[in-house]
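One letter stands for each residue in the lines below.
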Amino acid sequence: MAGDEDQEIAAALAKLAEQDAAVAEDARAALEWIAGKPGLAFITQERIQDFCWYELPVKWFVDLDEKLRLVAALATALDLLQLPRYAAIRRSGTTREILNAYEVSTAHGQAAFRRAAAASGITPPDLPEFEWGAVMGLAEASARSSTADFLEVAVASGDLVPGRPGWRTRQQELERAHLNVPQAGLLGQTLAQVILTERADTWLNARRSETRRRILAAIANRLLQPAELPAATAADPIPPLGWLLGELNGGIALTQTGNLSRKFVQQSADRFGWDFPGLPRTEDDLFDLHQLRHFAQDLGLARRSGRMLTLTAKGRRLLADPDRLWRAVSAGLLGGDQFAVFAGELFLALLLDADSVPDTQIKATVGQAVAEEGFRDSRTGEVPDEHQISWAIRETSNLCRVLRLLAVGGDWHDRSYGFTGTGQATALAALRARATGPRTIPWS
């Protein structure tokens, strides 16, 4: 089949050469870049758009006039190949506008490319439950191209009409259906399952530490399915954050330095276990409140507006939707630099199925994994010491405690940790977000 299609391209180029040899050579160069050895079967709307709106202006070092000649030559060849829709893309005002935008700057051109690709209807959008990665493995990249081809068929048939009211909702419906239908070529798996499995495998094996790999491998299969909250806590899974967002709904006054007002801090003292003589004076005196406030801001739920801290639009939406708020908390639980996230993942995994784990055991296990991984202090070049490892773990453990996800036992010199029922579900959801979420860099 591929050979026959190559013959079709060859015949079209030969016919074009009879009319203008130079145009035929331009068309040949473009078609070989787009289609390669697979020939005509490899020419899709996605590849046409990518070539015309990104690859030609970014990767071909020719001037604008030459780019326009290549576009025109390719359009003529596509007409001869009986692909008029693709030829129309080449001749469109959109293509010229994008090429002109690249003449201003690469950033202008790429912005114009993204807008036009999204408006075409065939570029797979992110879904509320799934985001495409900026960096993809082979399975994800193949699934994305398959989805683009599926959407192209919908556009060509009139099932999806870009620009018509409600078309983006229909686009998401089509994409969701395509990603979640069992595929015979994948032994009955769906494209979504294949993508998540590939991501989880990359997350599991991208690091050098065998200790980390062993601990996470024991729970990896559980991370392929969404975690669910216990029914008893589903209505208010994260009470401290829900309380703060409720207070922020009317705004909380800030000091000149940006801290929460003394009045609010003192009114909140009992809620955060203040048991010292007198009342707290500043937000820093109530560390848990300070941490909770900044976590809300990090999640985009709260923002400063002059001398007030208020809810964002996202904060108002999630305040009214406890399940979505919990999932946002879970996805944002592991933050900070690579070292803190590395330690935090292990902290969550070690506690996941244990009633209680001594702090000394947690630090020893994380320390062993850190040494195997090869982390080094950025200033000294030395392996992180026990103090640094402890602080990295606390990035996650303190937040879990503030959010009431932890059951803490023992005293300050013999501490132990376990998860509540909500804590276990949140840890699973947080690790799932790390394992199966979109990649921005290959090893993240």
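All values derive from a computational prediction rather than experimental measurement.

## Regarding the sheet that holds strand 4 (residues 357-358)
Reading across from one edge, 4-6-5 is the order of the three strands in this open sheet, with antiparallel pairing throughout. In the strand order of this sheet, the two ends are held by strand 4 and strand 5 (406-409), each with one partner.

## Details of the nonpolar core
Leu241, Phe347, Leu348, Leu351, Ile362 and Leu403 are the most contacted members of the largest nonpolar core, which has 75 residues in total. Among the elements that take part in this core, helix 17 (residues 338-351) stands out by supplying nine residues, more than any other. In contact with Leu241, not counting residues within four places along its chain, are Leu292, Ala296, Leu301, Leu325, Val329 and Leu403.

## Quick notes on the pattern of salt bridges
Pairs can form between side chains of opposite charge whenever their charged atoms are close. All told, the structure shown has 22 salt bridges when counted by the stated rule. Between Arg144 and Glu46 there is a salt bridge, and its shortest N-O distance comes to 3.4 Å. Of this pair, Arg144 sits in helix 8 (residues 138-157) while Glu46 sits in helix 3 (residues 45-59), placing them 98 residues apart in sequence. On the basis of relative accessible area, Glu46 is assigned to the buried category, the value being 10%. Notably, a salt bridge pairs Arg170 with Asp159, separated by 2.9 Å at the nearest N-O pair. With a gap of eleven residues between them, Arg170 in helix 9 (residues 167-180) and Asp159 in the loop between helix 8 and helix 9 connect regions that are remote in the sequence. Judged by relative accessible area, Asp159 falls into the partly exposed class, the value being 37%. Because the salt bridges share partners, they merge into one network encompassing Asp159, Arg170 and Glu173.

## Side note on the packing of helix 10 (residues 191-205) against helix 11 (residues 210-217)
A pair of packed helices can be characterised by two numbers: the angle between their axes and the separation between those axes. The interhelical angle for the contact between helix 10 and helix 11, taken along N-to-C directions, is 145 degrees, at an axis separation of 9 Å. Facing Trp203, Leu204 and Asn205 of helix 10, the residues of helix 11 in contact are Arg212, Arg213, Leu216 and Ala217. Partitioned by chemical class, the residues of the contact of helix 10 with helix 11 number four nonpolar, one polar and two charged.

## Topic: the pairing of strand 2 (residues 302-305)
One face of the sheet, then the other: side chains in a regular strand alternate in exactly this way. Two elements, strand 2 and strand 3 (residues 308-311), share four bridges in a ladder whose sense is antiparallel. If you follow Arg304 over to strand 3, its bridge partner there is Leu309. Between strand 2 and strand 3, which pair antiparallel in sequence order, lie two residues; one of them, Gly306, sits at a positive phi of approximately 65 degrees.

## Some thoughts on the confidence of the model for the chain
For the chain, mean pLDDT is 94; residues scoring 70 or higher make up 98% of the total. Of all the helices and strands in the chain, helix 1 (residues 2-19) carries the lowest mean pLDDT, 81, while helix 9 carries the highest, 98.

## Quick notes on the packing of aromatic side chains
With the rule as written, the count across this model stands at ten aromatic pairs. Pairing Phe342 with Phe375 gives two aromatic rings, centres 5.0 Å apart and planes at 70 degrees, and the pair type is edge-to-face. In this pair, Phe342 is assigned in helix 17 and Phe375 in the loop between helix 18 (359-373) and helix 19 (386-402), connecting sequence segments 33 residues apart. Across the pair, exposure class does not vary: Phe342 and Phe375 are buried alike. Taken together, Trp33, Phe51 and Trp60 form an aromatic cluster joined through their ring pairs. Of note, Arg47 hangs over the ring of Phe42, and the distance from its end group to the ring centre comes to 3.6 Å. When the ring centre of Trp203 is taken as reference, the NZ or CZ atom of Arg212 above it lies at 5.3 Å.

## Some words on helix 2 (residues 21-35)
One full turn of an α-helix is made of 3.6 residues, so residues set three or four places apart face in the same direction. Taking 1.5 Å per residue as the helical rise, helix 2 with its 15 residues ought to reach 21 Å, and the 20 Å between its terminal C-alpha atoms agrees with that figure. Listing the buried residues of helix 2 in full gives Ala24, Asp26, Ala27, Ala30, Leu31, Ile34 and Ala35. Projected onto a plane normal to the axis of helix 2, the buried residues spread over an arc of 160 degrees and lie on a single side. The opening residue of helix 2, the one whose side-chain oxygen lies 3.0 Å from the backbone nitrogen of Ala22, is Asp20. Positive backbone phi, at 60 degrees, marks Gly36, one or two positions downstream of helix 2.

## Overview of a positive patch on the surface
On the surface, Arg303, Lys314, Arg316, Arg317 and Arg324 cluster together into a patch of positive charge. Element by element, the count of residues in the positive patch is highest for helix 15 (residues 313-319), at three residues. Here Arg317 is to be found in helix 15. The exposure class assigned to Arg317 is partly exposed, which follows from its relative accessible area of 47%.

## Quick word on the pairing of strand 5
Pairing of strand 5 with strand 6 (residues 416-419) involves four bridges; the strand directions are antiparallel. Following the sheet pairing, Gly409 is matched in strand 6 by Ser416. A loop of six residues connects strand 5 with strand 6, the two strands running antiparallel in sequence, and Gly410 in this loop sits at a positive phi of about 75 degrees.

## Describing the sheet that holds strand 2
One open sheet accounts for three strands, arranged 1-3-2; its pairing is antiparallel. In this open sheet, the two strands that pair with only one neighbour each are strand 1 (252-253) and strand 2. Strands in contact with helix 12 (residues 239-248) are strand 1, strand 2 and strand 3; relative to strand 3, the strand with the most contacts, it is inclined by about 110 degrees. Set on the sheet, helix 14 (residues 287-298) makes contact with strand 2 and strand 3; between it and strand 2 the angle comes to about 95 degrees.

About the thresholds
Residues numbered from 1 in each chain as written. Predicted model: local features only at pLDDT ≥ 70, side-chain atom pairs only at ≥ 80, totals over all residues. Heavy atoms only, no water. Pairing = 2+ DSSP bridges. Helix = DSSP H or I, 4+ residues; strand = E, 2+ residues; numbered from the N terminus. Core = buried A, V, L, I, M, F, W, Y, C linked by side-chain atoms within 4.5 Å. Buried < 20%, exposed > 50% of the residue type's maximum accessible area, 1.4 Å probe, protein only. Contact = heavy atoms within 4.5 Å. Salt bridge = Lys/Arg side-chain N within 4 Å of Asp/Glu carboxyl O. Axes fitted to C-alpha atoms, helices over the stretch in contact; angles between N-to-C directions. Nonpolar A, V, L, I, M, F, W, Y, C, P; charged D, E, K, R; others polar. pLDDT = per-residue confidence, 0-100. Phe/Tyr/Trp six-rings, centres within 6.5 Å; stacked < 30°, edge-to-face > 60°. Lys NZ or Arg CZ within 6 Å of the ring centre and 35° of its normal. Expected span 1.5 Å × (residues − 1). Arc of directions from axis to C-beta. Polar contact = N/O pair within 3.5 Å; in protein donor to acceptor, adjacent residues only side chain to side chain. Patch = residues over 30% accessible without salt bridge, like charges linked within 9 Å, V, L, I, M, F, W, Y side chains within 5 Å. Areas by Shrake-Rupley, 256 points an atom, 1.4 Å probe, with all protein chains shown as cover. Lys, Arg positive; Asp, Glu negative; His and termini not counted. Charge placed at Lys NZ, Arg CZ, Asp CG, Glu CD.

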